[in-house]
Amino acid sequence: MRTLPFDVVAPALVAALLLGCSASAPAPTAAAAPAAPDVPMGTAAGSMQPEYDAKEGEGRAPAALEKAEEAAPQASPADAAAPAPPAAPSPVVVGRSATAERASKPAAPRAPAGAAPEPKKASAPVLAAATRPAPPPAPIAAPVPEPQGSEAYRDYGVNPVEDPTKDRLSTFAIDVDTASYAIARRKILEGSLPPYQAVRAEEFLNYFDYGYAPPAAGPFAVHLAAAPSPFTVGHHLVRVAVQGKRVSVKERTPVHLVYLVDTSGSMHSPDKIELAKKSLRMLTESLKPGDTVALCTYAGSVREVLAPTGVESKGKILAAIADLTAGGSTAMASGIDLAYSLAARTLVKGHVNRVVVLSDGDANVGPTSHEEILKTIKRARDKGITLSTVGFGQGNYKDEMMEQLANQGDGNYAYIDSEAQARRVFSEQVGGMLQVIARDVKIQVEFDPELVKSYRLIGYENRNVADRDFRNDKVDAGEIGAGHSVTAIYDVALRPAALRDSASPLVVRLRHKAPLGSDRAEETVFRMAPGALAPTFDAAPADLRFAAAVAGFSEILRHSPHARSWRLSDVEKIARGAASSKGDQQEFIGVVRRASALAGGRPDAVIANAAR
């Protein structure tokens, strides 16, 4: 059998295939013709358009292909009568052209015998394929993109109303974190209400300096006050305030810090890595001779930038900070391991040893489970190395991660959204971070059921301690730094006897350990004096009235079921009448006003706008 060379057969075979595939049969009657699949109503069957709104030039055959189709000869009746070979299956193409879509449609039904076939132009997909450039080769290696728009917050719920005849004790651990208010303030000032899960009432309350009197002796003083509630008729607000003693720079014990900086790609913006560098410069300037600093980073890998260095070599420390840049993915767990290894080099009994993590909290590479990281932090804490966290940025911010790290590390959690906020945390209030004055501080408030009908603690939902563990010194609690203040607000319904008699409706007990030395805690009792109960809200101390405004603001923003009838306009009015001249309190008034505008002035609009 004689065979022809392939270069002779191939053109003829291709032409036959094209003519066979493009031969069209006469159209059937309207009653018998089935609807063509994937063709929108009102669109001619011969003008197949993409099923989406394509950009100009998309969804169309290339211009060279259209010209080739116009120049191609029409099929003859004899060609149409020839049986078409079976079509090869079409490959799946993403963003396919109109030509490719036509090729994938089922063949049209055959025409009745004797009917004149409708001439049709032959398509030439092979020509189109030949004119397309080859796709670029896939990259051999590329970094994993950082996730965006995936902020993570945790809803800890809202404390219930308690009946003191059934449970007269309210027990919780101290918390001096402030990040929640700073996050909410940034979002409000930038034009949106914060997610309700991001609002922790205690961090709103503890953000502000109320000017509480310092202790005459001991590590802290307790200030109790109460007044009729401006929000709920027949209720009272009870304020429990703890003020830590202040320690001068000269009195402060030496500190050994390890700066652990997230330099991953998600930190690559001025409000993240650049603001973190400014913050570290401020913190370094606050140190004194005898203090040390080490610096390490984590991204796709971890790096020791600066070994433990005495603050006497401040220029070397500042130069290392200035060289930090961001890029890569995030391996937080490995970075924490390196930071603790650096901290171990300067671990001195009686000194402060602390890792300071600066990050947006995102961890997407390596052993990043919360449980593993928290176990590592707990082991280091038991050895005397604490950990504080400082958050930056938004869009992919992981608030829950940062809050839990500081909680487990016996440190503080702050959020920095501006240079002014950095100065507040790392310069004006830095003593609280550098000097611990009391460890494992727990508060237990006992309500007299004969004087109190009900009570509810506003906030501290994730700081609850079982009543039976109040005197269990093995149970971890919170720390108070030098100059720190802690504020708690209770919404209380008093019995008539509490308003007539001189008896105290509650007793406060504090339990704490010394900053160094024994793990045995001391307990102190504070009884609320009858004169601490103001006859009217306007007669209450200004610090209580301002704290009431802050508590009300947090309750509304976090959609508390107990604050459904509370109004932001009332919060602003209370704050305006109680605020001191301090900048943070004056700023609060503007933040509330802005939130009210975003909510449209309606109490239910807070929920509607926050859900957008």
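So, how was this worked out
Residues numbered from 1 in each chain as written. Predicted model: local features only at pLDDT ≥ 70, side-chain atom pairs only at ≥ 80, totals over all residues. Heavy atoms only, no water. Phe/Tyr/Trp six-rings, centres within 6.5 Å; stacked < 30°, edge-to-face > 60°. Helix = DSSP H or I, 4+ residues; strand = E, 2+ residues; numbered from the N terminus. Buried < 20%, exposed > 50% of the residue type's maximum accessible area, 1.4 Å probe, protein only. Contact = heavy atoms within 4.5 Å. Core = buried A, V, L, I, M, F, W, Y, C linked by side-chain atoms within 4.5 Å. Axes fitted to C-alpha atoms, helices over the stretch in contact; angles between N-to-C directions. Parallel < 35°, antiparallel > 145°, perpendicular 65-115°, else oblique. Left-handed = near helix turned anticlockwise from the far one by under 90°. Nonpolar A, V, L, I, M, F, W, Y, C, P; charged D, E, K, R; others polar. 1 Å grid on protein atoms, 1.4 Å probe; cavity = no way out; pocket = protein on both sides within 12 Å on 5 of 7 lines; lining within 4 Å. Points joined across faces, edges and corners; volume = space filled by probe spheres on them. Pairing = 2+ DSSP bridges.

Draft legend 1. The arrangement of the packing of aromatic side chains in detail. Enumeration according to the criterion identifies 18 aromatic pairs in this entry. Geometrically, the ring pair formed by Phe 172 and Tyr 460 is tilted, given 4.6 Å between the ring centres and 45° between the ring planes. Taken together, the positions of Phe 172 in strand β1 (residues 169-173) and Tyr 460 in the loop between β11 (452-458) and β12 (478-481) put the pair 288 residues apart, joining distant regions of the chain. Summarising the aromatic geometry, the rings of Phe 231 and Trp 566 are spaced 4.4 Å apart at their centres and angled 15° between planes, so their arrangement reads as stacked. Placement of Phe 231 in the loop between β2 (220-228) and β3 (236-244) and of Trp 566 in the loop between α16 (542-557) and α17 (568-578) is noted, with a sequence separation of 335 residues between them. Residue Phe 231 is classed as buried on the basis of its relative accessible area of 13%. Feature note: the residues Tyr 181, Phe 204, Tyr 207, Phe 208, Tyr 210, Tyr 212, Phe 546, Phe 553 and Phe 588 constitute an aromatic cluster, connected by ring pairs.

Draft legend 2. View of the environment of Met 528. Position of Met 528 among the secondary structure elements: in the loop between β15 (522-527) and α16. Note on Met 528: relative accessible area 3%, which makes it buried. The sequence separation of Met 528 and Val 238 amounts to 290 residues, and the corresponding C-alpha distance is 10.0 Å. Dropping the residues within four chain positions of it, Met 528 is found in contact with Leu 224, Ala 225, Ala 226, Ser 504, Pro 505, Leu 506 and Leu 533.

Draft legend 3. Summary view of the nonpolar core. Phe 546, Phe 553 and Phe 588 are the most contacted members of the largest nonpolar core, which totals 47 residues. Every element with two or more residues in this core is listed here: α6 (179-189), α7 (201-205), β2, β3, α16, α17 and α18 (583-598). Looking at this core, the element that brings in the most residues is α16, giving 10 residues. Ignoring sequence-local partners within four residues, the contact set of Phe 546 consists of Phe 208, Tyr 210, Ala 575, Ala 578, Ala 579, Gln 585 and Phe 588. Counting 35 residues, the second-largest nonpolar core is a separate cluster that includes Tyr 460, Leu 506, Leu 510 and Ala 532.

Draft legend 4. Looking closely at the environment of Leu 193. Relative to the helices and strands, Leu 193 resides in the loop between α6 and α7. Here the alpha-carbon distance between Leu 193 and Ala 599, two residues 406 residues apart in the chain, equals 8.0 Å.

Draft legend 5. Spotlight on the packing of helix α11 (residues 370-383) against helix α12 (residues 399-408). The contact between α11 and α12 brings their axes to 9 Å, and the two run at 25°. Relative to α12, the element α11 is oriented roughly parallel. The interaxial crossing formed by α11 with α12 has right-handed handedness. Contact residues: His 370, Ile 373, Leu 374, Ile 377, Lys 378 and Arg 381 in α11; Glu 400, Met 401, Gln 404, Leu 405 and Gln 408 in α12. Classifying every residue of the contact of α11 with α12 by side-chain character gives 5 nonpolar, 3 polar and 3 charged.

Draft legend 6. Spatial organisation of empty space enclosed by the protein. In this structure the tally under the stated criterion is 3 cavities of 30 Å³ or more. The volume enclosed by the largest cavity comes to roughly 100 Å³. Every residue lining the largest cavity is counted, 13 residues in all, and those nearest its centre are Ile 174, Gly 411, Arg 463, Gly 478 and Glu 479. Secondary structure elements with two or more residues in the lining of the largest cavity: α12 and β12. Class assignment for the residues of the lining of the largest cavity results in 4 nonpolar, 4 polar and 5 charged.

Draft legend 7. Structural detail: the pairing of strand β8 (residues 385-392). Burial analysis of β8 places 8 of its 8 residues in the buried class, which makes it a mostly covered element. The alternating pattern of β8 places Ile 385, Leu 387, Thr 389 and Gly 391 on one face and Thr 386, Ser 388, Val 390 and Phe 392 on the opposite face, and all of these are buried. Across 7 bridges, the pairing between strand β7 (residues 352-359) and β8 is parallel. Considered in β8, the bridge of Arg 354 is made with Thr 386.

Draft legend 8. Representation of the sheet that holds strand β13 (residues 485-494) in the model. Pairing is antiparallel across the open sheet formed by 4 strands, whose spatial order is β2-β3-β13-β11. With partners counted over all chains shown, the strands left at the sheet margins are β2 and β11, one partner each. Put simply, the sheet's adjacent strands are angled 20° from each other on average, direction ignored. As paired strands, β3 and β13 are joined by 8 bridges and run antiparallel to one another. Opposite Gln 243, over in β13, you have Ser 485 as the bridge partner. Relative to the sheet, α16 contacts β2, β3, β11 and β13, its axis offset from that of β13 by approximately 80°.

Draft legend 9. Spotlight on the environment of Ala 320. Its place among the elements puts Ala 320 in helix α9 (residues 314-322). Taking the C-alpha atoms as reference, Ala 320 lies 6.8 Å from Val 305; in sequence the two are 15 residues apart. With residues up to four places along the chain from it excluded, the contact list for Ala 320 reads Leu 295, Val 305 and Leu 306.

Any functional reading would require information beyond the geometric quantities listed.
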